[in-house]
Amino acid sequence: MQGFGTTIFAEMTALAVRTGAINLGQGFPDSPGPEAMLERAVAAIRAGDNQYPPGPGVPELREAVARQRVERYGLGYDPDGEVLVTVGATEAIAAAILALAGPGDEVVVFEPYYDSYAAMIALAGAVRRPVTLRPEGGRFTFDPGELRAAVGPRTRLILVNSPHNPVGTVFTRAELEVIADVCREHDLTAVTDEVYEYLTFDGAGHVPLASLEGMRERTVAISSAGKTFSATGWKVGWITAPAPYVRAVQTVKQFLTYTASAPYQRAVAYALGHELGWVQGLRKSLEAKRDRLVAGLEAAGFTAYRPQGTYFVQADIRPLGFTDGMELARALPERAGVVAVPSQVFYDHAAAGAHFLRFAFCKRDHVIDEAVERLAELR
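About the thresholds
Residues numbered from 1 in each chain as written. Predicted model: local features only at pLDDT ≥ 70, side-chain atom pairs only at ≥ 80, totals over all residues. Heavy atoms only, no water. Helix = DSSP H or I, 4+ residues; strand = E, 2+ residues; numbered from the N terminus. Buried < 20%, exposed > 50% of the residue type's maximum accessible area, 1.4 Å probe, protein only. Phe/Tyr/Trp six-rings, centres within 6.5 Å; stacked < 30°, edge-to-face > 60°. Polar contact = N/O pair within 3.5 Å; in protein donor to acceptor, adjacent residues only side chain to side chain. Contact = heavy atoms within 4.5 Å. UniProt positions renumbered as here; feature names shortened; annotations may be inferred. Salt bridge = Lys/Arg side-chain N within 4 Å of Asp/Glu carboxyl O.

**Section: unusual backbone geometry**
And then number 1: In this structure, the amide linkage connecting Ser162 to the following residue, Pro163, adopts the cis form with an omega of -10°.
And then number 2: Among the structural elements, Pro163 can be located in the loop between β7 (155–161) and α7 (173–186).
And then number 3: Residue Asn165 is joined to Pro166 through a cis peptide bond whose omega torsion reads 20°.
And then number 4: Turning to its location among the elements, Pro166 is positioned in the loop between β7 and α7.
And then number 5: Unlike most non-glycine residues, Asp187 shows phi in positive territory, near 55°.
And then number 6: Within the fold, Asp187 resides in the loop between α7 and β8 (189–193).
And then number 7: Residues other than glycine seldom take positive phi values, yet Tyr258 does so here, at roughly 65°.
And then number 8: Within the secondary structure layout, Tyr258 lies in the loop between α9 (243–253) and α10 (262–274).
And then number 9: Using a relative accessible area of 41% as the deciding quantity, one classes Tyr258 as partly exposed.

This is how it looks when you write it as structure tokens:
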């Protein structure tokens, strides 16, 4: 783990606390989840449901996840053997990589990438092979030729994050077909991070890679309740995959956390069955917040890329005369009273992201308004 140090999220959040700046860096909402879900958790705690839940997860949550996958995507999974509950998506990613990649194996990942990907690949002793997402037509995408060139005889896994953090791209079916072709041709396993599956905008729909021909049997799909129900602190995630993959991942997971969050698991099971209307309202609200932040960033002089999903906007700092996102991010709290995250930390090829900052819009409207008003002073 040499070279990883403190995560950028911890660094920037500490900077926000120290300076009193508005934190648009870390992607956590400042509004609560659905009331009935919260009350279910409280009731479970008061009823004494505070001991170890089953290692694979409480049965009602595994059943709820299985129902969600078949009802929303037509993907059938057996809740007893093909669904595994984890401590958030972060543990699911960690356990999957540690289970499925070993020393010398290569893992293809689209950059910029969520920072835990690189750390887990390193812990597995594997080697990451980045494929860069670049702006094209107002959104970020990849070059199919670069993807194919990244795959070699030692490639074992491909990590696919869609909707994508931090660039906000929702991969199209055509883009996913390219990825699926590569997986089928080279007998690769796909690990898909789908935590923003409900949070898509402008009619963009999330298509699971596992739903493409020949991909269910080679895909480990990951999602969580944190983003869907605005409960990031609950750390309730899950994996859906063929039974051999689930057994492999659970073999690792049992020695990471074993199990956790019994009352929250039961509350999330309820929410998956009864609170998707609330989630649709959240999606609409976030779409409006995205437009609010994009308009404010553009008025402040940034070039802002309008995301198709997630919580985040990528902003190009060069129109304001800046070139180093890390330098600006560390100066921004004192200079403008706002915290953002420098996107270059999510790249192997740092120069490709050096001129971007990531801003989160999962905040109250007045917080966004105050932030962009402060950022306007950069002009």
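**Comments concerning the packing of aromatic side chains**
To describe a pair of aromatic rings, one takes the distance between the centres and the angle between the planes.
And then number 1: For the structure shown, the criterion picks out 16 aromatic pairs.
And then number 2: With centroids separated by 5.2 Å and ring planes inclined at 65°, the aromatic side chains of Phe140 and Tyr305 adopt a geometry described as edge-to-face. Taken together, the positions of Phe140 in strand β6 (residues 139–141) and Tyr305 in strand β11 (residues 303–305) put the pair 165 residues apart, joining distant regions of the chain. For the pair formed by Phe140 and Tyr305, the shared burial category is buried.
And then number 3: Considering the side-chain rings of Phe140 and Phe356, the 5.6 Å spacing of their centres and the 65° angle between planes classify their relative orientation as edge-to-face. With Phe140 in strand β6 and Phe356 in strand β15 (residues 356–360), the pair connects residues that are 216 residues apart, well separated along the chain.

**Description of the side chain of Glu82**
And then number 1: Within the fold, Glu82 resides in the loop between α3 (59–73) and β2 (83–86).
And then number 2: Here Glu82 falls in the buried class, since its relative accessible area comes to 14%.
And then number 3: Within polar-contact distance, the side chain of Glu82 engages the side chain of Arg216 at 2.9 Å.
And then number 4: Apart from the residues within four sequence positions on either side, Glu82 is in contact with Gly76, Tyr77, Arg216, Ile239, Thr240, Ala241, Pro242, Ala243 and Val246.

**So, the UniProt feature "domain: Aminotransferase class I/classII large" (unreviewed entry) in the protein chain**
And then number 1: Look at the UniProt record and you will see "domain: Aminotransferase class I/classII large" (unreviewed entry) annotated at residues 21–375.
And then number 2: Annotated as 41% helix and 18% strand, the span residues 21–375 places its first and last C-alpha atoms 11 Å apart.

**Some remarks on the pattern of salt bridges**
And then number 1: For the coordinates displayed, the defined rule picks out 27 salt bridges.
And then number 2: For the salt bridge of Glu197 with Arg69, the shortest nitrogen-to-oxygen distance reads 3.7 Å. Of this pair, Glu197 sits in the loop between β8 and β9 (219–224) while Arg69 sits in helix α3, placing them 128 residues apart in sequence.
And then number 3: You can call Glu197 buried: its relative accessible area is 1%.
And then number 4: Arg69 gets classed as buried once you look at its relative accessible area, which sits at 2%.
And then number 5: The partner of Arg292 in a salt bridge is Asp365, and the shortest N-O contact between them spans 3.6 Å. One end of the pair, Arg292, is in helix α11 (residues 276–300); the other, Asp365, is in helix α13 (residues 365–375), and 73 residues separate them in sequence.
And then number 6: Look at Arg292 and you get partly exposed, because its relative accessible area is 35%.
And then number 7: By relative accessible area, Asp365 is classed as partly exposed at 32%.
And then number 8: Sharing partners across several salt bridges, the network here consists of Asp202, Arg290, Asp291 and Arg306.

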